[in-house]
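Chain and residue survey
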Amino acid sequence: MGSNALAPLPHHVAIVMDGNGRWAQKRLLPRLAGHKKGVEALRRCVQLCGERGVRVLTVFAFSSENWRRPPEEVSGLMGLMLSALAREVSGLKAHGVRLHCVGERAPLAEKVRQGLEQAERETAGNDGLILNVCFNYGGRWDIAQAAERARQQSPHAPITEQALAAHTALAHVPDPDLLIRTGGERRISNFLLWQLAYAELYFSDTLWPDFDAADLDAALRDYAQRQRRFGKTGEQVTGQVKRQDQGQDARGAEPGELPC
Ligand SMILES: CC(C)=CCC/C(C)=C/CC/C(C)=C/COP(=O)(O)OP(=O)(O)O
Ligand SMILES: C=C(C)CCOP(=O)(O)OP(=O)(O)O
Ligand SMILES: [Mg+2]
């Protein structure tokens, strides 16, 4: 297999869609114009991931900290979420995409909550790509709410890694294999703190509205070259790869699971 190969593919790709504001500012446009272009880039990326064979795509659309932005940008993003859901849901249905909105819902306006719930209901029967849109999401919120739910479910049981993981907001999917952040910054910004424990990290200087097939494929190619060791030695992993020739999984685990 040559160095251009996209295999092995990540089962689950997570993306911090950063750079919308700078994309707009470079064109002397309001920041919201960048977010609108960002919706188009997201539509393109969903389609590309489906075509490439990625099974789960998780995107960061609004962080717990983004409330600190100017009120007009916050309300613009809320309105954009609502209009994007209404406009995109038929396309998602047509492509078999199942949408999950992930994050703290209580602080959202009632109409936004209803929009999220309706889009989830309408795509619930789909069995293609799983699209998790993290909206009013923070990794610290996720860990805290998971611990609280674990405690409520079993007040006297210890909070183990397994018990906590079962209550995190992405418990319905394996952990991300690949995290892409666009826009040039090299940080996590409170995204998926629990779930990224063993993700491969990929940083792209492309601003999110410009993120296209070539950028995605570059990330997938880069991922395909990584050696994932999950704490083992390189020799152990290479040994497992040899056994794969005899029909076994290279890591001895499902994507996103720690091979214990
Ligand atoms: C709500 C919705 C439908 C989501 C899809 C559109 C989308 C891509 C939203 C991401 C919003 C966001 C805060 C991006 C970060 O770029 P930034 O504003 O931080 O850009 P900058 O770093 O260049 O300022
Ligand atoms: C992409 C989203 C939704 C949040 C992270 O980007 P930010 O632009 O908010 O991150 P920081 O620069 O503040 O770390
Ligand atoms: Mg930013």
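Looking at an unreviewed UniProt entry, one finds the protein chain named Isoprenyl transferase, with Allofranklinella schreckenbergeri as its source organism. Recorded in UniProt under Function (unreviewed entry), the annotation for the protein chain is "Catalyzes the condensation of isopentenyl diphosphate (IPP) with allylic pyrophosphates generating different type of terpenoids." UniProt lists a comment for the protein chain under the heading Subunit (unreviewed entry), and it reads "Homodimer."

Below, the discussion takes up the packing of aromatic side chains. Two numbers describe a pair of aromatic rings. These are the distance of the centres and the angle of the planes. Counted by the stated rule, this structure contains eight aromatic pairs. Their ring planes at 80 degrees and their centres at 5.9 Å tell us that Y137 and W141 sit as a pair that is edge-to-face. Accessibility expressed as a relative area gives 0% for Y137, which makes it buried. Members of the aromatic cluster, connected to one another through ring pairs, are F60, Y137, W141 and F191.

Further remarks concern the sheet that holds strand 2 (residues 56–63). One open sheet holds the six strands; their spatial order is 3-4-2-1-5-6, and the pairing between them is parallel. Of all the strands in the sheet, just strand 3 (98–102) and strand 6 (200–203) have a single pairing partner and so form its edges. When the angles between neighbouring strand axes are averaged without regard to direction, this sheet yields 20 degrees. Strand contacts of helix 2 (residues 31–52): strand 1 (12–16), strand 2 and strand 4 (130–137), with the helix running at about 165 degrees to strand 2, the strand carrying the most contacts. Packing against the sheet, helix 7 (residues 213–224) makes contact with strand 5 (178–181) and strand 6, and its axis sits at approximately 140 degrees to strand 5.

By nearness alone, 20 residues border ligand 1, and D18, G21, R22, R31 and R69 come closest of all. At 2.9 Å from an oxygen atom of ligand 1 is found a main-chain nitrogen or oxygen belonging to G21. Between ligand 1 and the protein, one listed contact pairs an oxygen atom with a side-chain N or O atom of R69 at 2.7 Å. Isolated, ligand 1 exposes 610 Å² of accessible area, and the fraction of that covered by the protein chains is 92%. At a threshold of 2 Å from the grid points, most atoms of ligand 1 map onto the largest pocket.

On to the nonpolar core. Grouped together as the largest cluster of nonpolar side chains are 40 residues, with contacts concentrated most on I15, L57, L131 and I180. Residue contributions to this core peak at seven residues, all from helix 3 (residues 71–94). With sequence-adjacent residues up to four places away left out, L57 is seen in contact with V13, I15, C45, V46, C49, L129, I130, L131 and N132. Membership of the second largest hydrophobic core comes to 15 residues, among which are A14, F60, V102 and C134.

Here, the word disulfide means a covalent bond between the sulfur atoms of two cysteines. One pass over the full model with this rule turns up zero disulfides. C49 takes part in no disulfide bond, and the closest cysteine sulfur to it belongs to C45, at a distance of 4.1 Å. For C49, a relative accessible area of 1% gives the class buried.

This brings us to the layout of surface pockets. Each pocket or cavity is described by its volume, and for the largest pocket that value is around 1100 Å³. In terms of lining, the largest pocket is formed by 45 residues, of which the most central are M17, L42, F60, A61 and W208. Mapped by element, the contributors of at least two residues to the lining of the largest pocket are helix 1 (20–26), helix 2, strand 2, helix 3 and strand 4. Sort the elements by how many residues they give to the lining of the largest pocket and helix 2 lands first, with ten residues.

Attention shifts here to helix 2. When the terminal C-alpha atoms of helix 2 are compared, their 31 Å separation across 22 residues agrees well with the 32 Å that a helix rising 1.5 Å per residue should span. Among the residues making up helix 2, those that are buried are G34, H35, G38, V39, A41, L42, C45, V46, L48 and C49. Those residues of helix 2 hidden inside the fold are in contact with strand 1, helix 1, strand 2, helix 3, strand 4 and helix 7. Just beyond helix 2, the residue with positive phi is G53, at close to 105 degrees.

Further remarks concern unusual backbone geometry. With the exception of glycine, the majority of residues adopt a negative phi angle, and the majority of peptide bonds are in the trans configuration. The linkage connecting A7 with the following residue, P8, adopts the cis geometry, with an omega of 0 degrees. As for its placement among the helices and strands, P8 is situated in the segment before strand 1. The phi dihedral of L28 is positive, around 60 degrees, even though this residue is not glycine. Tracing the chain through its elements places L28 in the loop between helix 1 and helix 2. Despite not being glycine, N136 shows a phi value in the positive range, around 55 degrees. Tracing the sequence through the fold places N136 in strand 4.

Basis of the calculations
Residues numbered from 1 in each chain as written. Chains lettered and ligands numbered in written order. Predicted model: local features only at pLDDT ≥ 70, side-chain atom pairs only at ≥ 80, totals over all residues. Heavy atoms only, no water. UniProt positions renumbered as here; feature names shortened; annotations may be inferred. Phe/Tyr/Trp six-rings, centres within 6.5 Å; stacked < 30°, edge-to-face > 60°. Buried < 20%, exposed > 50% of the residue type's maximum accessible area, 1.4 Å probe, protein only. Pairing = 2+ DSSP bridges. Helix = DSSP H or I, 4+ residues; strand = E, 2+ residues; numbered from the N terminus. Axes fitted to C-alpha atoms, helices over the stretch in contact; angles between N-to-C directions. Contact = heavy atoms within 4.5 Å. Near = heavy atom within 4 Å. Polar contact = N/O pair within 3.5 Å; in protein donor to acceptor, adjacent residues only side chain to side chain. Areas by Shrake-Rupley, 256 points an atom, 1.4 Å probe, with all protein chains shown as cover. 1 Å grid on protein atoms, 1.4 Å probe; cavity = no way out; pocket = protein on both sides within 12 Å on 5 of 7 lines; lining within 4 Å. Sits in = over half its atoms within 2 Å of the grid points. Core = buried A, V, L, I, M, F, W, Y, C linked by side-chain atoms within 4.5 Å. Disulfide = S-S within 2.5 Å. Points joined across faces, edges and corners; volume = space filled by probe spheres on them. Expected span 1.5 Å × (residues − 1).

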